[in-house]
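# Report on the structure
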Amino acid sequence: MLVSPELADVLSAIVQRLRAPDGSIPLVISYDIREKVWNSPTPLLFQRGIGNERRTFTPSAIRKVQINALAVTGLADVEGNPLIFQAHDFRRLFVTDAIMNGLPPHIAQIICGHKSVDTTMGYKAVYPAETIEAQRRLLAVAAPPGPAKNTAPRPTGNGTPSSLTSRNERCPLGPAHEYSDHPASMKMLA
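Below you will find a few notes about this structure. Nothing here was measured: the structure is a model prediction, and the numbers come from that model.

## Remarks on the side chain of Thr 56
Its place among the elements puts Thr 56 in strand β4 (residues 53-56). For Thr 56, a relative accessible area of 18% translates into the label buried.

Given below as structure tokens:
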């Protein structure tokens, strides 16, 4: 799976802290508050030792850790108020980071358990620079900058251009595009 180096460092630190002497991550049972069922023992990353037992962090415990961590950073919004994150915000950060680093959206969809790739893409944040670059790529394909170079043979001996030359002069994209339904070709014919 593609993740940023920073996320890989964090995951590595969590795994190293959890490893048992034999190198495995201890299995813990967890309670699914939404489904109201106990899950079978799993090597969860968010677990802690309490006495001789390993237990998962509860949602409220994760929330308290998150609030304390944000308070220490001093991060604030534009109005100076402390930033407030929900645990679910990290899902959006993960999806954005993974897709921006090359993970195909349909793979992110499977990882997240979404039924539709549209849901997954809704999680991916779009950055202004990314939007501008996508628009530039679109414009480069739709309307090449500047006049096209005419590399067709010179006109015939009688002074009239060959049909290939006249077609290239009418359509800078070349004869193959002159009669296509592509929007750039239609613009060239106008």
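There's plenty left to go through after this.
## Concerning a nonpolar patch on the surface
Among the surface-exposed residues, Ile 29, Tyr 31, Ile 33 and Trp 38 lie close enough to one another that they form a single nonpolar patch of about 450 Å² accessible area. Along the polypeptide, Tyr 31 turns up in strand β1 (residues 28-32).

## Observations concerning the packing of helix α3 (residues 89-100) against helix α4 (residues 105-112)
It is the contact of α3 with α4, at a shortest axis distance of 10 Å, that shows an interaxial angle of 150°. For the element pair α3 / α4, the angle class is roughly antiparallel. Both α3 and α4 take part in a crossing whose hand is right-handed. Between α3 and α4, the residues in contact are Arg 91, Phe 94, Val 95 and Ile 99 and Pro 105, Ala 108, Ile 111 and Cys 112, respectively.

## Structural notes on the layout of surface pockets
Put simply, the largest pocket is a space of about 2,500 Å³. Looking at the largest pocket, it is lined by 48 residues, and the ones nearest its centre are Leu 45, Phe 46, Ile 62, Ala 87 and Phe 90. At the level of secondary structure, the elements contributing two or more residues to the lining of the largest pocket comprise α1 (5-18), β1, β2 (37-42), β4, α2 (59-73), α3 and α4. Partitioning the lining of the largest pocket into residue classes produces 29 nonpolar, 10 polar and nine charged.

## Details of the environment of Leu 83
By the element assignment, Leu 83 lies in the loop between α2 and α3. Separated by 13 residues in sequence, Leu 83 and Leu 70 place their C-alpha atoms 7.1 Å apart. Not counting the four nearest positions on each side in its chain, Leu 83 is found in contact with Leu 70, Leu 75, Ala 76 and Asp 77.

## Observations concerning α1
In a regular helix each residue adds 1.5 Å, so 14 residues correspond to 20 Å; α1 covers 20 Å between its end C-alpha atoms and thus fits that length. If you check which residues of α1 are buried, you get Ile 14, Val 15 and Leu 18. Viewed along the axis of α1, the buried residues span an arc of 95°, placing them on a single side of the element. Within α1, the exposed residues directed more than 90 degrees away from the buried face are Pro 5, Glu 6, Asp 9, Gln 16 and Arg 17.

## Remarks on the packing of aromatic side chains
Two aromatic rings are characterised by how far apart their centres lie and by the angle between their planes. Summed over the entire model, instances satisfying the criterion amount to two aromatic pairs. Ring centres of Tyr 31 and Trp 38 lie 5.0 Å apart, and the angle between their planes is 55°; this geometry places the pair in the tilted category. For Tyr 31, a relative accessible area of 40% gives the class partly exposed. Judged by relative accessible area, which is 59%, Trp 38 ranks as exposed. Each ring, one from Phe 85 and one from Phe 90, has its centre 5.8 Å from the other, and the planes form 25°; the classification is stacked.

Cut-offs applied
- Residues numbered from 1 in each chain as written.
- Predicted model: local features only at pLDDT ≥ 70, side-chain atom pairs only at ≥ 80, totals over all residues.
- Heavy atoms only, no water.
- Helix = DSSP H or I, 4+ residues; strand = E, 2+ residues; numbered from the N terminus.
- Buried < 20%, exposed > 50% of the residue type's maximum accessible area, 1.4 Å probe, protein only.
- Patch = residues over 30% accessible without salt bridge, like charges linked within 9 Å, V, L, I, M, F, W, Y side chains within 5 Å.
- Areas by Shrake-Rupley, 256 points an atom, 1.4 Å probe, with all protein chains shown as cover.
- Salt bridge = Lys/Arg side-chain N within 4 Å of Asp/Glu carboxyl O.
- Axes fitted to C-alpha atoms, helices over the stretch in contact; angles between N-to-C directions.
- Parallel < 35°, antiparallel > 145°, perpendicular 65-115°, else oblique.
- Left-handed = near helix turned anticlockwise from the far one by under 90°.
- Contact = heavy atoms within 4.5 Å.
- 1 Å grid on protein atoms, 1.4 Å probe; cavity = no way out; pocket = protein on both sides within 12 Å on 5 of 7 lines; lining within 4 Å.
- Points joined across faces, edges and corners; volume = space filled by probe spheres on them.
- Nonpolar A, V, L, I, M, F, W, Y, C, P; charged D, E, K, R; others polar.
- Expected span 1.5 Å × (residues − 1).
- Arc of directions from axis to C-beta.
- Phe/Tyr/Trp six-rings, centres within 6.5 Å; stacked < 30°, edge-to-face > 60°.

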